[in-house]
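Per-entry structural report
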Amino acid sequence: MAKQLRVAVLGAGTMGHALALVFAMGGHRVRLTDSDAATLARSQGLMEKALATLEELGAAPQGWGSAQLAQACTRHASLEECVDGAELIVEAIVENPEAKTDLYRRLDACAPAGSIWASNTSYLDVFPLMPPARLKRALIAHWYTPPYLVDLVDLVPNAETDEAVLQEVKSVVEAMGKVPIVMRKFISGYVANRIQAAVQAEVQFLIDNGYATAQEIDAAVIHGIGLRLQIIGVMAKADFTGLRMLQHAARNGTYVPPAPGTSPSMDALVAKGEAGVFDGKGYYDWGGKPPAELFEERDRRLIKLKQSLQGIGFMAGFDVKANDA
């Protein structure tokens, strides 16, 4: 079992507060900070609400509740106070190169020399933004929302990352029941986000050109490919289809991926102030429900799905856990 670490989480927004909860439930001592006082103040309530849902449905660590969270995770207005004595520093701020560069500069002046830096960046190659002297103990550890339910974690070292550092973070992630995927070189979006981006580009093409509605697309995903993906993934599904058939399909196919670009339907919604759950509307009308209530409903369904899948299991013959890199 991985040792208990002193973890500093920088950024208390959508991902940051949830990561603080993950590490706290994982047995670590966590400090959380944010440059915005309101975001930091709101984070405690969000963590408590998520934890309450996990508790109710039996997905929280045994004996865990708000009292344990208050002991394991504290909030700090000062970056210097947050990282004091930190062994693992999780950077989860906005996806903006200038903001990250400024944070890394400030962090370099106050972070312990032996601390590990782990950026939660989704798409940016952050290594050129970091102080060169910190690169040996720096890597990307990219999580998916909500990280207390979605187990995948992308681990990406840079060319100078100490192998022992990579293995330590991998062990910490695995000890918390997560599934780390080690990528030996950086590519924007990693695996899951690149697949998701390709899917998103295709569905925007279908919507914008009148082939299907948002509801019809979601029905096709949920009742079609989504069902199989849960059990056999993509590459195992290829084996079930038969690689000869896929060869013929590839040779005879006329499919051309949509070119990256803007989406008229998405642009129109954003222009109307209907940009998703936080605005109450997007491609769907969310009925005026508060975002926190919608997140709770999502979490409840995800917990029940995970619990069901644990009982069902995956197809024998392939390992859906982390690689051994």
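None of the values given here were measured: they were computed from a predicted structure.

This part takes up a nonpolar patch on the surface. Taken together, the side chains of Val221, Ile222, Ile225, Leu229, Val234 and Met235 present a nonpolar region at the surface, about 570 Å² in accessible area. With four residues, helix 8 (residues 214–232) is the single largest residue contributor to the nonpolar patch. Mapped onto the elements of the fold, isoleucine 225 is located in helix 8. Residue isoleucine 225 is classed as partly exposed on the basis of its relative accessible area of 44%.

What the eight strands build is an open sheet, ordered 3-2-1-4-5-6-7-8; its pairing is mixed. A single partner strand is all that each edge strand has here, and the edge strands are strand 3 (73–75) and strand 8 (179–182). If you compare each strand with its neighbour and ignore which way they point, the axes differ by 25° on average. With four bridges joining them, strand 4 (residues 88–91) and strand 5 (residues 116–119) adopt parallel strand pairing. Across the sheet, isoleucine 89 pairs through a bridge with tryptophan 117, a residue of strand 5.

All chains considered together, the criterion is met by 17 salt bridges. Members of the salt-bridge network, linked through shared partners, are Lys49, Glu56, Glu296 and Arg300.

If you walk through the whole model with that rule in mind, you get one cavity of 30 Å³ or more. Roughly 50 Å³ of internal volume is contained in the largest cavity. Lining the largest cavity, in full, are Phe23, Leu88, Val90, Ala118, Ala141, Trp143, Val169, Val172 and Val173. Residue assignment for the lining of the largest cavity shows that the elements contributing at least two residues are strand 4, strand 6 (138–143) and helix 6 (163–175). At three residues, the largest contribution of residues to the lining of the largest cavity is made by helix 6. Across the lining of the largest cavity, the residue classes break down as nine nonpolar, no polar and no charged.

This part covers the packing of helix 7 (residues 192–208) against helix 11 (residues 264–271). It is at 8 Å that the axes of helix 7 and helix 11 come closest, and there the two elements cross at 85°. When the axes of helix 7 and helix 11 are compared, the pair comes out roughly perpendicular. Between helix 7 and helix 11, the contacting residues are Gln200, Gln204, Ile207 and Asp208 on the first element and Pro264, Ser265 and Met266 on the second. Here the residues of the contact of helix 7 with helix 11 are counted per class, giving three nonpolar, three polar and one charged.

Here we take up the packing of aromatic side chains. On inspection of all chains with the given rule, the structure shows six aromatic pairs. On the basis of an interplanar angle of 85° and a centroid distance of 6.1 Å, the ring pair of phenylalanine 186 and tyrosine 190 is categorised as edge-to-face. Using a relative accessible area of 25% as the deciding quantity, one classes phenylalanine 186 as partly exposed. Between phenylalanine 278 and phenylalanine 295, the aromatic rings sit 5.6 Å apart at their centres with planes inclined by 70°, giving edge-to-face as the arrangement. Residue phenylalanine 278 is found in the loop between helix 11 and helix 12 (291–312), and its partner phenylalanine 295 is found in helix 12; the two are separated by 17 residues along the sequence.

Moving on, we come to the nonpolar core. Ranked by size, the top nonpolar core spans 46 residues in total, and within it Leu21, Phe23, Trp143 and Tyr148 carry the most contacts. Element by element, the count of residues in this core is highest for helix 1 (residues 16–25), at eight residues. Not counting residues up to four positions away in its chain, the partners in contact with tyrosine 148 are Ala18, Leu21, Val22, Met25, Ala50, Leu54, Lys178, Arg298 and Asp299. Membership of the second largest hydrophobic core comes to 22 residues, among which are Ile89, Leu107, Val126 and Val156.

Let us look at helix 5 (residues 97–110). Between its first and last C-alpha atoms helix 5 spans 20 Å; for 14 residues at 1.5 Å apiece the expected length is 20 Å, and the two agree. Those residues of helix 5 that fall on the buried side of the exposure criterion are Lys100, Leu103, Tyr104 and Leu107. Along the axis of helix 5, the buried residues cluster in a sector spanning 105°; they form a single face. Residues Glu98, Arg105 and Ala109 are exposed on helix 5 and point more than 90 degrees away from its buried face. Looking at the buried positions of helix 5, the neighbouring elements they touch are strand 1 (6–10), helix 4 (79–83), strand 4 and strand 5.

Taken as a whole, the second largest pocket spans an internal volume of roughly 370 Å³. Taken together, 23 residues line the second largest pocket, and the ones lying closest to its centre are Thr14, His17, Leu46, Phe278 and Phe295. Within the residue set of the lining of the second largest pocket, elements represented by two or more residues are helix 1, helix 2 (37–56) and helix 12. Here the lining of the second largest pocket takes seven residues from helix 2, the largest share from any one element. Grouping the constituent residues of the lining of the second largest pocket by class yields eleven nonpolar, seven polar and five charged.

Procedures and definitions
- Residues numbered from 1 in each chain as written.
- Predicted model: local features only at pLDDT ≥ 70, side-chain atom pairs only at ≥ 80, totals over all residues.
- Heavy atoms only, no water.
- Patch = residues over 30% accessible without salt bridge, like charges linked within 9 Å, V, L, I, M, F, W, Y side chains within 5 Å.
- Areas by Shrake-Rupley, 256 points an atom, 1.4 Å probe, with all protein chains shown as cover.
- Salt bridge = Lys/Arg side-chain N within 4 Å of Asp/Glu carboxyl O.
- Helix = DSSP H or I, 4+ residues; strand = E, 2+ residues; numbered from the N terminus.
- Buried < 20%, exposed > 50% of the residue type's maximum accessible area, 1.4 Å probe, protein only.
- Pairing = 2+ DSSP bridges.
- Axes fitted to C-alpha atoms, helices over the stretch in contact; angles between N-to-C directions.
- 1 Å grid on protein atoms, 1.4 Å probe; cavity = no way out; pocket = protein on both sides within 12 Å on 5 of 7 lines; lining within 4 Å.
- Points joined across faces, edges and corners; volume = space filled by probe spheres on them.
- Nonpolar A, V, L, I, M, F, W, Y, C, P; charged D, E, K, R; others polar.
- Parallel < 35°, antiparallel > 145°, perpendicular 65-115°, else oblique.
- Contact = heavy atoms within 4.5 Å.
- Phe/Tyr/Trp six-rings, centres within 6.5 Å; stacked < 30°, edge-to-face > 60°.
- Core = buried A, V, L, I, M, F, W, Y, C linked by side-chain atoms within 4.5 Å.
- Expected span 1.5 Å × (residues − 1).
- Arc of directions from axis to C-beta.

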